[in-house]
Each structure stands twice: as structure tokens, then as C-alpha cells.
Amino acid sequence: MYLKKSLSPEFKTRLKRKLEAVRAHFYKKDLSRIGQIFKTDKFEKHNYTPVYQKHFHPLRKKKINLLEIGVGGYKNPISGGNSLRMWKGYFRKAKIFAIDIYDKEKLQEKRIKIFKGSQIDLNFLNHVYSEIGKLDIIIDDGSHINEHVITSFKFLFPKLNEQGIYVIEDIQTSYWPEYGGSSLELNNPETIMGFFKSLTDGLNHAELIIPDYKASYLNLNIESIHFYHNMIFIYKGKNTKPSSYLINNQLPEKLHE
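How each quantity is defined
- Residues numbered from 1 in each chain as written.
- Predicted model: local features only at pLDDT ≥ 70, side-chain atom pairs only at ≥ 80, totals over all residues.
- Heavy atoms only, no water.
- Buried < 20%, exposed > 50% of the residue type's maximum accessible area, 1.4 Å probe, protein only.
- Helix = DSSP H or I, 4+ residues; strand = E, 2+ residues; numbered from the N terminus.
- Pairing = 2+ DSSP bridges.
- Right-handed = clockwise from strand over helix to strand, strands pointing away.
- Core = buried A, V, L, I, M, F, W, Y, C linked by side-chain atoms within 4.5 Å.
- Contact = heavy atoms within 4.5 Å.
- Patch = residues over 30% accessible without salt bridge, like charges linked within 9 Å, V, L, I, M, F, W, Y side chains within 5 Å.
- Areas by Shrake-Rupley, 256 points an atom, 1.4 Å probe, with all protein chains shown as cover.
- Salt bridge = Lys/Arg side-chain N within 4 Å of Asp/Glu carboxyl O.
- Lys, Arg positive; Asp, Glu negative; His and termini not counted.
- Charge placed at Lys NZ, Arg CZ, Asp CG, Glu CD.
- Polar contact = N/O pair within 3.5 Å; in protein donor to acceptor, adjacent residues only side chain to side chain.
- Phe/Tyr/Trp six-rings, centres within 6.5 Å; stacked < 30°, edge-to-face > 60°.

Asker: It is not clear to me how the pairing of strand E2 (residues 95-100) should be interpreted in this structure. Could you clarify?
Answerer: For a regular strand, side-chain orientation follows a simple rule: the groups alternate between the two sheet faces. The buried count for E2 comes to five of six residues, which makes it a mostly enclosed element. Sheet analysis places strand E1 (residues 65-69) next to E2, joined by five bridges and oriented parallel. Paired with Leu-67 across the bridge in E2 is Phe-97. For the crossover that starts at E1, traverses helix H6 (residues 82-90) and ends in the parallel E2, the hand is right-handed. One ladder, built from five bridges, connects E2 with strand E3 (residues 112-116); its direction is parallel. Note that in E3 the partner of Ala-98 across the bridge is Ile-114.

Asker: How should the nonpolar core be read in this particular structure?
Answerer: The nonpolar side chains of soluble globular proteins are, as a tendency, buried together. If you look at the biggest cluster of nonpolar residues, it comprises 31 residues, and the most contacted ones within it are Tyr-52, Phe-56, Trp-87, Phe-91 and Phe-233. Within the residue set of this core, elements represented by two or more residues are helix H3 (31-37), helix H5 (49-56), H6, E2, E3, strand E4 (137-140), strand E5 (165-169) and strand E7 (231-236). Among the elements that line this core, the one with the most residues is H6, at four residues. The residues contacting Tyr-52, other than those within four sequence positions of it, are Leu-31, Lys-42, His-57, Trp-87, Ile-139, Val-167, Glu-169, Met-231 and Phe-233.

Asker: Looking at this structure, how should I read a positive patch on the surface?
Answerer: Together, Lys-28, Lys-29, Lys-61, Lys-63 and Lys-93 make up a positively charged patch on the protein surface. Assignment of secondary structure puts Lys-61 in the loop between H5 and E1. Exposure remark for Lys-61: the relative accessible area of 57% places this residue in the exposed category.

Asker: Please explain the pattern of salt bridges as it appears in this structure.
Answerer: Side chains that differ in sign of charge can pair as their charged atoms come close. Following the criterion strictly, the structure yields five salt bridges and no others. Across the pair Lys-42 and Glu-68 runs a salt bridge, and its minimum N-O distance is 2.7 Å. Here Lys-42 is found in helix H4 (residues 41-44), whereas its partner Glu-68 is found in strand E1, with 26 residues between them in sequence. Of the charged contacts, one joins Lys-42 and Glu-169 as a salt bridge, the two residues approaching to 3.1 Å between their closest N and O atoms. Of the two residues, Lys-42 sits in helix H4 while Glu-169 sits in strand E5, which places them 127 residues apart along the sequence. No difference in accessibility class separates Lys-42 from Glu-169, as the two residues are buried.

Asker: Would you take a moment to explain the environment of Glu-162 for this structure?
Answerer: Within the secondary structure layout, Glu-162 lies in the loop between helix H8 (146-156) and E5. Not counting chain neighbours up to four residues away, the residues in contact with Glu-162 comprise Lys-236, Gly-237 and Lys-238. Polar contacts involving the side chain of Glu-162 include one to the main-chain amide nitrogen of Lys-238, which spans 3.1 Å.

Asker: For this particular structure, what's the right way to read the packing of aromatic side chains?
Answerer: Any pair of aromatic rings gets described here by the distance separating the centres and the angle formed by the planes. Going through the model one piece at a time under the given rule, you end up with 17 aromatic pairs. With centroids separated by 4.9 Å and ring planes inclined at 85°, the aromatic side chains of Phe-153 and Tyr-166 adopt a geometry described as edge-to-face. Here the residue Phe-153 occupies a position in helix H8, and Tyr-166 occupies one in strand E5, the gap between them amounting to 13 residues. With respect to burial, Phe-153 and Tyr-166 carry one shared label: buried.

Dropping the structure here:
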């Protein structure tokens, strides 16, 4: 009891996290169990971890760099970071990075580095990218404001490595007006869902009958898009396969006959 009273809150928190890390070591292949141990809402509230494991399992043993937008815990400097510790426990050879508008430096530990700044400050994002050097996975669990999500994606997706994965969480805000969304204008490109739905036709840009169509960067570099309840996964990869029928986005004469 004396020892318990004499320990500082910060020391108790660090000790608790070390014990969690030891427990998580025994479930290194089970992301949901690791998420449960670290009490991340990706498991307890949203049940995202089974979907993440489906997509991330092939990368589990690789040396990757993962960047998460949003740390959690709001203004409290020693609150949050649960998902960062989960990623650290699952990706045993990865370096985990994060950004947050609040100072979360006290949550840093070996293989976890946190930068303070806004997800829509492009100069700040460029600085973070230059510090990290490469990006294999980006997860947006930040403000969830529609404009912010789209701005971050447009800037960071081109910086993602080839075969990298960009994930956006909590896309229910695409339908919430207070976050800049809409439940009536479902194809509005200024909403999260409206914007990313608009990219799906780009997967088939070679099949558009638009003479001399100029494919955009996103047309040419998004390999696949996966939609789930409140989640989107965008895979980066070359999308330059030509049409089996069209030539320069035009139908050959014989197909008109």
C-alpha cells in the first residue's frame, strides 16, 4: 500500500503499459486480442480489428513505417496512444508514427514517435514525411471533419510507398452536417463518401469512352478501394493496364459494325 501511494501517476501509467505489452506478446498474431489488451476503441467500440487483420496480416513481420493521424486522449498529455501501442505489438519490426494537434510527447516510447500539428497543415505534413522517410501504411483517425480527411488524403497519398495502404476510419461523419457531411447529397464530392466513391470509376479509366482522356494521378495510382462499415482502404499501385477493347479511350471501328 505504501509503494502504491508513493508512485507517481505517470510511473503507474508506464508500468501498466509495460505489463500490457508483456501480455500482448503472447497474442502476436491476433490483432483483436492485442487491441483488447491495450483497450483501443478500434476493438472495443468499433470492432475494426478483424478488418485490419484481414488487410494487414501479410505485413505483420515486415519492417514498415506506419503513420496514424490522431492519438486520442484530447488535451490530457498522458492519455491516448492505445492504438499506437496496439500497432507496435502487432507489427513487431515496424516503426510507429503519429500526429496530433495536442502535445503527446509523453506517450512516446521505443518505436513510437509522435509529432504535434494539424492534419491540414501541409507544411507540417511535409516536415513529418521528411522525418519519417517513407510511408507504408497511413491511418486517418483524426478530426473526422470531411474537408480535413480529403485534404490529408490528397497530400499524403502521393507520398505513400508503392503497394502502400491508406485507411480512413469513422466515415459515418460523411453523413453528419456538423462535420461537413450530408445524408441527402450522397454523391457530393466534398463529403468523404462522395469523394471516394468518385474515385471508383478511375479504377476503370481505360474503359471510359472519352477520346484522348487524360488519366489523373489518382486514376493511375490507385489499385483498389475497399469499403466497409465506417472504413475505407485504398491500395496504392500502378493502374496502367490498357483496355482490352478501346484504343485511346475510343471504340475501334469494327466494334461499331
